[in-house]
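Overview (structure and organization)
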Amino acid sequence: MNVTLAVKQYVSKMIENSGPGMKVLLMDKETTSIVSVVYTQSEILQKEVYLFERIDSQNRDSMKHLKAICFLRPTKANTLLEHKCKPVVLRADFSNVISKSEIKALAEADEQEVVAEVQEFYGDFVALNPHLFSLNLQGVSRGRSWEPSILPRATQGLTSVLLALKKCPMIRYQLSSDMSKRLAECVKQIITKEYELFDFRKTEVPPLLLILDRSDDAITPLLNQWTYQAMVHELLGLNNNRIDLSRVPGISKDLREVVLSAENDEFYANNLYLNFGEIGTNIKNLMEDFQKKKPKGQQKLESISDMKAFVDNYPQFKKMSGTVSKHVTVVGELSRLVSERCLMEVSEVEQELACQNDHSNAQQNVRRLLQNPRLAEVDAVRLVMLYALRYERHSNSILPSLLDELQRKGVSERYRKMVQSMVEYGGKRVRGSDLITPTDAVAITKQFFKGLKGVENVYAQHQPLLHETLDQLIKGKLKDSQFPYLGPNALRDRPQDIIVFMIGGATYEEALTVYNLNRTMPGVRIVLGGTTIHNTKRFFFIKNQSRSTVYGKLKNK
């Protein structure tokens, strides 16, 4: 199961179906993101697509000499826009199932009969890694219920993934979450309604869709990360695999925005899941390799063969030069932020809060860090949030005192209010699973041995709740009472193909968990998706945008 490959194949098929000749690819805002994450512009150019335009562009010239491929989400607005295309539109390709009423609206609007063919390609999601996808949705909830306008989009996105992977799954959902059950029911309705589309070849063990809710594990998005992809997103922010580096001191013009794609960047692909220390070593090796291959300044081009060798090697050298510049800049900025914000010290205390159960030590360490003038506002708040979630019901909780400490430190009221908001979002009262480590002997023994593994693991002690959930699922021990099946049937065998969807957003730490399970569990293939992909700041503000009575006060401050 590879979501990146699925989208790439759809785009290739779309272009091939339009036949030979010069083409323009017209997209909307969402399909632009879907295509740009899996294909570079140079790759698309090789397929005779010479122009990329937004369907809603107001300044498009007439291009009657170009064939046009429209790749759009099946919305009423897009079907009405499509007939206004200035090129001769031969194909209208939609990213999901298009209803009869939308086809009718398109036909009625197409007075000049420029649309020759309509087809469905099920690429209605952003494929970030082969095993990770996002719907790029924010503000999905209104309290503990779906935001009404978002539920249909989430349903479409998730069914699109199933169609792209050619899976008709059994469905399990998190019982403690009404949103999980509602989404499960909506997906099931689509599968039933469009049963011909989901009529795939039966497998011995049916695939499984597991729908979870972010509120069951509010700790994971609050932690600093130390593997390359996760760390970049946490500190710099990845937006459809792009990083905005415009605020980096002394940044050159051509590095103000860079793309990190494992599909087209060998160094990134090889270092995606390595920790920060290993990346530093590999950057040094990359630099040394580049220096060896760099053309000498006094290189003489005396013969035709010298010139040919230089021309042949120059594109490879140019590409390597760009790769080196990009990663040296990114890693350099990560290193600067780690030092400036004392993140190694912060992360050590975060890991202690997430994994240990020593209140006395925890309160001392949190207080000590809050008094550090170099501690950034976001890091101060996340530490207090982690303390609040861990020791929510501790008899000697010092949360009021820590909130006073934040105020003395000059942390804005908006941020301070978010602490209580986070507890109400992901606290013990609403969790369906035992997020905070249980006190039974087996769990204590596991934690003890984890602590013996050495100092190098002090920043990576935490494992997301998703790891335990998937481990139990694969072993056939995941409780039906907490994660029931939708419908009367249940899996009798160990699941093989598992699609996990996290309402409220997934994280790159969870993507790493899925990657490792795929590597170490023979015969098991897992894909993870979410309404969005979080870093700490995004998690803060998405929770703050909710329009419930619980969070509404925050929004109005």
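Here goes a summary of the coordinates provided. Treat the numbers as computed from the prediction; the structure is a model and nothing was measured.

**Here we look at a nonpolar patch on the surface**
Taken together, Met-22, Leu-45 and Tyr-50 make up a surface patch of nonpolar side chains, about 280 Å² in accessible area. Tracing the backbone through its elements, the reader meets Leu-45 in helix H3 (residues 41–45). Leu-45 gets classed as partly exposed once you look at its relative accessible area, which sits at 35%.

**Here we look at the pairing of strand E17 (residues 525–530)**
A large share of E17 lies buried, amounting to 5 of its 6 residues. In this sheet, E17 lies alongside strand E7 (residues 132–134) in parallel orientation, the contact comprising 3 bridges. Paired with Leu-132 across the bridge in E17 is Leu-528. In this sheet, E17 lies alongside strand E15 (residues 497–503) in parallel orientation, the contact comprising 6 bridges. For Asp-497, the partnering residue across the bridge sits in E17 and is Arg-525.

**Here we look at the packing of aromatic side chains**
For the structure on display, the rule yields 12 aromatic pairs. Taken together, a centroid distance of 6.2 Å and an interplanar angle of 20° make the contact between Phe-133 and Phe-501 stacked. Here the residue Phe-133 occupies a position in strand E7, and Phe-501 occupies one in strand E15, the gap between them amounting to 368 residues. A residue is classified by how much of its surface remains accessible, and Phe-133, at 0% relative accessible area, is buried. Three or more aromatic residues joined by ring pairs make a cluster, and in this case those are Tyr-10, Phe-121 and Tyr-122.

**What to know about the packing of helix H14 (residues 377–390) against helix H15 (residues 399–408)**
Direction vectors running N to C along H14 and H15 enclose 175°, while the axes themselves pass 11 Å from each other. Of the possible angle classes, the one that applies to H14 and H15 is roughly antiparallel. Across the interface between the two elements, Ala-380, Val-381, Val-384, Tyr-387 and Ala-388 of H14 pack against Leu-399, Leu-402, Leu-403 and Leu-406 of H15. Partitioned by chemical class, the residues of the contact of H14 with H15 number 9 nonpolar, no polar and no charged.

**Here's the deal with the pattern of salt bridges**
Applying the stated criterion across every chain, the model contains 24 salt bridges. A salt bridge links Arg-153 to Asp-124; its shortest N-O distance comes to 3.4 Å. With Arg-153 in helix H6 (residues 151–164) and Asp-124 in the loop between strand E5 (117–120) and strand E6 (126–129), this residue pair connects regions lying 29 residues apart in the sequence. Side by side, Arg-153 and Asp-124 carry an identical accessibility label, which is buried. Measuring nitrogen to oxygen at the nearest pair gives 4.0 Å for the salt bridge that ties Glu-185 to Arg-182. Of the two residues, Glu-185 and Arg-182 both sit in helix H7 (residues 178–193), 3 residues apart, roughly one turn of that helix. Taken together, the salt bridges that share partners define one network made up of Glu-234, Arg-341, Glu-350, Asp-379 and Arg-382.

**A word on a positive patch on the surface**
A surface patch of positive charge is lined by Arg-144, Arg-393, Lys-428 and Arg-429. Looking at where Lys-428 falls in the secondary structure, it is placed in the loop between helix H16 (413–426) and helix H17 (441–451). Classification of Lys-428 as partly exposed rests on a relative accessible area of 44%.

**With respect to the nonpolar core**
One finds Phe-133 and Leu-183 to be the most contacted residues of the largest nonpolar core, which totals 113 residues. Beyond its immediate sequence surroundings of up to four residues, Leu-183 is in contact with Trp-146, Leu-151, Ala-154, Thr-155, Leu-158, Ile-211, Phe-501 and Ile-503. Ranked by size, the runner-up nonpolar core spans 38 residues in total, among them Ala-218, Leu-223, Ala-380 and Leu-386.

**Remarks on H15**
Owing to its 3.6 residues per turn, the α-helix aligns residues three or four sequence positions apart on the same side. Among the residues of H15, those classed as buried are Leu-399, Leu-402, Glu-405 and Leu-406. Around the axis of H15, the buried residues are gathered within 110° of arc, so they sit on the same side. Among the exposed residues of H15, those pointing more than 90 degrees away from its buried face are Pro-400 and Arg-408. The inward-facing, buried residues of H15 contact helix H13 (359–370), H14 and H16. Just past H15, the residue Gly-410 takes up positive phi, approximately 90°.

**Focus on empty space enclosed by the protein**
Here the structure, examined in full by the defined rule, presents 3 cavities of 30 Å³ or more. There is about 90 Å³ of room inside the largest cavity. Secondary-structure elements contributing two or more residues to the lining of the largest cavity are strand E11 (208–213) and helix H18 (465–474). Looking at the lining of the largest cavity element by element, the count peaks at 3 residues for H18. Taken together, the residues of the lining of the largest cavity sort by class into 5 nonpolar, 3 polar and 5 charged. Taken as a whole, the second largest cavity holds about 80 Å³ of empty space. Taken together, Thr-220, Pro-221, Leu-223, Gln-225, Ala-230, His-233, Glu-234, Thr-507, Tyr-508, Glu-509, His-534 and Asn-535 make up the full set of residues lining the second largest cavity. Elements with a minimum of two residues in the lining of the second largest cavity: helix H8 (228–235) and helix H19 (508–520).

**Concerning the sheet that holds strand E14 (residues 257–259)**
Taken in spatial order, the 3 strands line up as E12-E13-E14 in an open sheet, and their pairing is antiparallel. Both edges of this open sheet fall to strand E12 (238–239) and E14, since each of them pairs with a single strand only. As judged from the 3 bridges shared by strand E13 (residues 242–244) and E14, these two strands associate in the antiparallel manner. Residue pairing across strands places Arg-242 opposite Val-259, the latter belonging to E14.

Quick notes on the rules
- Residues numbered from 1 in each chain as written.
- Predicted model: local features only at pLDDT ≥ 70, side-chain atom pairs only at ≥ 80, totals over all residues.
- Heavy atoms only, no water.
- Patch = residues over 30% accessible without salt bridge, like charges linked within 9 Å, V, L, I, M, F, W, Y side chains within 5 Å.
- Areas by Shrake-Rupley, 256 points an atom, 1.4 Å probe, with all protein chains shown as cover.
- Salt bridge = Lys/Arg side-chain N within 4 Å of Asp/Glu carboxyl O.
- Helix = DSSP H or I, 4+ residues; strand = E, 2+ residues; numbered from the N terminus.
- Buried < 20%, exposed > 50% of the residue type's maximum accessible area, 1.4 Å probe, protein only.
- Pairing = 2+ DSSP bridges.
- Phe/Tyr/Trp six-rings, centres within 6.5 Å; stacked < 30°, edge-to-face > 60°.
- Axes fitted to C-alpha atoms, helices over the stretch in contact; angles between N-to-C directions.
- Parallel < 35°, antiparallel > 145°, perpendicular 65-115°, else oblique.
- Contact = heavy atoms within 4.5 Å.
- Nonpolar A, V, L, I, M, F, W, Y, C, P; charged D, E, K, R; others polar.
- Lys, Arg positive; Asp, Glu negative; His and termini not counted.
- Charge placed at Lys NZ, Arg CZ, Asp CG, Glu CD.
- Core = buried A, V, L, I, M, F, W, Y, C linked by side-chain atoms within 4.5 Å.
- Arc of directions from axis to C-beta.
- 1 Å grid on protein atoms, 1.4 Å probe; cavity = no way out; pocket = protein on both sides within 12 Å on 5 of 7 lines; lining within 4 Å.
- Points joined across faces, edges and corners; volume = space filled by probe spheres on them.

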